[in-house]
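Take a look at the letters that make up each chain.
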Amino acid sequence: MTIQHTDVTDTLRRVVLTGRLDIAGTDAISLQFAALSSSPQRRLVVDLSGVDFLASIGIRAIVANARAVQQRGSRMVLFTGDNGPVTKTLETTGIDAVIPMYADLAQAEQAALA
């Protein structure tokens, strides 16, 4: 599991997760994910388009970071691209009702800034 980020603007950060978001993958990125999510005055687009597998522990990490972002008055959205398995998992678990989810990166970035 890898995690990278790009500060798109002064107020928008894109966090890119790649690989398996299972127990080992979530453990590997959890501290860095939390640190990137806690940056003040940044809205977040979490890019899941390169995630091969999404386990419940990975979903919990996403939700926990989304709550932390929300508690500091900001916003997190998810970008899934054409990643059907991850999109289906998020829809099946109802996460898409809690954290906005987009297949188009431009729409995700615009929604994060709204």
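Refer to the preceding data block for the structure.
On a predicted model such as this, the values are computed, not experimentally measured, just so you know. (Residues numbered from 1 in each chain as written. Predicted model: local features only at pLDDT ≥ 70, side-chain atom pairs only at ≥ 80, totals over all residues. Heavy atoms only, no water.)

K.L.:
Would you take a moment to explain the pairing of strand S4 (residues 76–79) for this structure?
P.N.:
Side-chain positions along a regular strand alternate between the two faces of the sheet. What you see with S4 is no split at all: Met76 and Leu78 on one side and Val77 and Phe79 on the other are buried throughout. Sheet analysis places strand S3 (residues 43–54) next to S4, joined by four bridges and oriented parallel. Bridge pairing in S4 links Asp47 to Phe79. Of the pairings in the sheet, the one linking S4 to strand S5 (residues 101–102) comprises two bridges and is parallel in character. (Buried < 20%, exposed > 50% of the residue type's maximum accessible area, 1.4 Å probe, protein only. Helix = DSSP H or I, 4+ residues; strand = E, 2+ residues; numbered from the N terminus. Pairing = 2+ DSSP bridges.)

K.L.:
I keep staring at helix H5 (residues 105–113) and nothing clicks. Help me out?
P.N.:
For the α-helix, the turn length of 3.6 residues means that residues three or four positions removed from each other point alike. Those residues of H5 not exposed but buried are Ala108, Glu109, Ala111 and Ala112. Taken down its axis, H5 places every buried residue within 165 degrees of arc, on the same side. Turned more than 90 degrees from where H5 packs its buried face, Ala106 and Gln110 sit exposed. Next to the buried residues of H5 lie strand S2 (12–21), S3, S4 and S5. Among the residues of H5, the N-terminal cap falls to Asp104, whose side-chain oxygen and the backbone nitrogen of Ala106 are separated by 3.2 Å. (Arc of directions from axis to C-beta. Contact = heavy atoms within 4.5 Å. Polar contact = N/O pair within 3.5 Å; in protein donor to acceptor, adjacent residues only side chain to side chain.)

K.L.:
Explain the side chain of Thr26 to me, please; I cannot follow it from the model alone.
P.N.:
Along the chain, the position of Thr26 falls in helix H1 (residues 23–37). Residue Thr26 is classed as buried on the basis of its relative accessible area of 5%. Beyond its immediate stretch of four places on either side in the chain, Thr26 contacts Leu21, Ile57, Gly58 and Ala61.

K.L.:
Before we go on, may I ask you to explain the pairing of S2 in this structure?
P.N.:
Of all the ten residues making up S2, eight are buried; the element is thus mostly covered by neighbouring parts of the structure. In this structure, the hairpin formed by strand S1 (residues 2–7) and S2 is closed by a connection of four residues. Relative to S3, S2 runs parallel, the two being bridged by nine bridges. Its bridge partner lying in S3, Gly19 is registered against Val51.

K.L.:
How should I be thinking about the packing of H1 against helix H2 (residues 56–71) in this particular structure?
P.N.:
When two helices pack together, their arrangement is given by the angle between the helix axes and by the axis-to-axis distance. Running from N to C, H1 and H2 point in directions that differ by 10 degrees, and their axes come no closer than 10 Å. Between H1 and H2, the angle is such that the two are roughly parallel. Together, Ile23, Thr26, Phe33, Ala34 and Ser37 of H1 and Ile57, Gly58, Ala61, Ile62, Asn65 and Val69 of H2 make up the contact between the two elements. (Axes fitted to C-alpha atoms, helices over the stretch in contact; angles between N-to-C directions. Parallel < 35°, antiparallel > 145°, perpendicular 65-115°, else oblique.)

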